[in-house]
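Listed below are the residues making up each chain.
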Amino acid sequence: MVLITGAARRVGRVVAERFAQAGYAVVVHYGSSQQEALDTVQAIEAGGGVAVAQQADLQAPEQLTAMMAAIYARFGRLDVLVNCAAIFFPDALADFALDDLERSWQVNCRAPLLLTQAFHQHAKQRAQQGVVINVVDQKVRANFHPDDFSYTVAKAALGNLTAMLAMSAAPVLRVNALYPGLMMNSGDQSQADFDYASAHSTPLGYIAPITEIADAILLLTRPSFNGAEFVVDAGQNLVRVERDVINLYRAP
């Protein structure tokens, strides 16, 4: 059984479908995208898999606790937690709004931490074990830039929790992190902009496919990985930038 946050759409859906293909029953978490979550469940079931949709507001701690309790009440266990959901918006140090910083912190770092805590509590009570994979961002691996300030602050915190959580949660949980690069259109980025950025933002001239991101997350569930950090970005982190790639690379 795997719980994937933000699994109703975009990258989360690809990850959910990959875990279903690997034989996992999937809890498709969503915040407000109910129909898309149901579509994801239907797609998994059509492929012979098992999935259920589960709503929770990642900014509401009590809903996170309730979601984890509901999963254990229904299924009796959880094997994998993938903290995939994220919010992303442009801001900078000079003008970031406190509300935006709080919102980014709550979704991009606090929610993964609270879900990990609840997972640990339930698994320990049942003498079970599991694994957590936090989806972070290649930019916080020594490729910082001033754009997307609130998002980056929260993701930097999440990434730097990997070793601490891996030690704190052992032997009940293993905790690993994945650092992807550019994956999908964001903000006002057009398809032409995305294609141009994909061809120019890495040394290889292409970005890592989302399917390979999903494969890497699945690999990190293996028993030998604990405190591990994978960068899967086709080398994007090797190209030092002064702005986010969605601003830096625009179609001519």
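Relevant structure appears above.
Residues numbered from 1 in each chain as written. Predicted model: local features only at pLDDT ≥ 70, side-chain atom pairs only at ≥ 80, totals over all residues. Heavy atoms only, no water.

J.: Describe in detail the overall build of the protein, supporting the description with residues and values.
T.: Counting secondary structure elements, the protein contains 9 helices and 7 strands. Counting over 252 residues, the protein shows a buried share of 51%. Accessible area for the protein stands at about 11,400 Å²; split by element, carbon and sulfur atoms hold 53% of it. (Helix = DSSP H or I, 4+ residues; strand = E, 2+ residues; numbered from the N terminus. Buried < 20%, exposed > 50% of the residue type's maximum accessible area, 1.4 Å probe, protein only. Areas by Shrake-Rupley, 256 points an atom, 1.4 Å probe, with all protein chains shown as cover.)

J.: So what about the packing of aromatic side chains? Which residues, and what values?
T.: Inspection of the entire model under this criterion finds 4 aromatic pairs. Ring centres of Phe19 and Tyr24 lie 5.1 Å apart, and the angle between their planes is 65°; on these two criteria the pair is classed as edge-to-face. Under the relative-accessibility criterion, Phe19 is labelled buried at 0%. Geometrically, the ring pair formed by Phe88 and Tyr151 is edge-to-face, given 5.0 Å between the ring centres and 75° between the ring planes. Taken together, the residues Phe88 in the loop between strand E4 (80-83) and helix H4 (98-125) and Tyr151 in helix H5 (residues 149-160) connect sequence positions 63 residues apart. Its end group placed over the ring of Tyr179, Arg141 keeps NZ or CZ at 4.9 Å from the ring centre. (Phe/Tyr/Trp six-rings, centres within 6.5 Å; stacked < 30°, edge-to-face > 60°. Lys NZ or Arg CZ within 6 Å of the ring centre and 35° of its normal.)

J.: Please give an account of the pattern of salt bridges that cites residues and values.
T.: Overall, the coordinates contain 11 salt bridges when judged by the stated rule. In this structure, Asp148 and Lys139 form a salt bridge, with 3.2 Å as the shortest nitrogen-oxygen distance. Owing to a relative accessible area of 2%, Asp148 belongs among the buried residues under this scheme. On the basis of relative accessibility, which here comes to 4%, the residue Lys139 falls in the buried class. Of the charged contacts in the structure, one is a salt bridge between Arg141 and Glu229, with a shortest N-O distance of 3.3 Å. (Salt bridge = Lys/Arg side-chain N within 4 Å of Asp/Glu carboxyl O.)

J.: Can you tell me about helix H1 (residues 10-21), naming the residues and giving the values?
T.: For H1, built from 12 residues, the straight-helix expectation of 16 Å at 1.5 Å per residue is met to within 8% by its first-to-last C-alpha distance of 17 Å. Every buried residue belonging to H1 is among Val11, Gly12, Val15, Ala16, Phe19 and Ala20, and all of these are buried. Summarising the contacts, the buried residues of H1 are in contact with strand E1 (2-4), strand E2 (26-30), helix H2 (34-46), E4 and helix H8 (210-219). Directly after H1, the chain includes Gly23, whose backbone phi takes a positive value near 100°. (Expected span 1.5 Å × (residues − 1). Contact = heavy atoms within 4.5 Å.)

J.: Just give me the short version of the packing of H1 against H8, but keep the residues and values in it.
T.: Two numbers describe how H1 lies on H8: the axes approach to 9 Å, and their chain directions differ by 55°. It follows from the interaxial angle that H1 and H8 lie oblique. The element H1 and its partner H8 pack so that their crossing is right-handed. Side by side, H1 and H8 meet where Val11, Val14, Val15, Arg18 and Phe19 of the first sit next to Ile210, Thr211, Ala214, Asp215, Ile217 and Leu218 of the second. Across the contact of H1 with H8, the residue classes tally to 8 nonpolar, 1 polar and 2 charged. (Axes fitted to C-alpha atoms, helices over the stretch in contact; angles between N-to-C directions. Parallel < 35°, antiparallel > 145°, perpendicular 65-115°, else oblique. Left-handed = near helix turned anticlockwise from the far one by under 90°. Nonpolar A, V, L, I, M, F, W, Y, C, P; charged D, E, K, R; others polar.)

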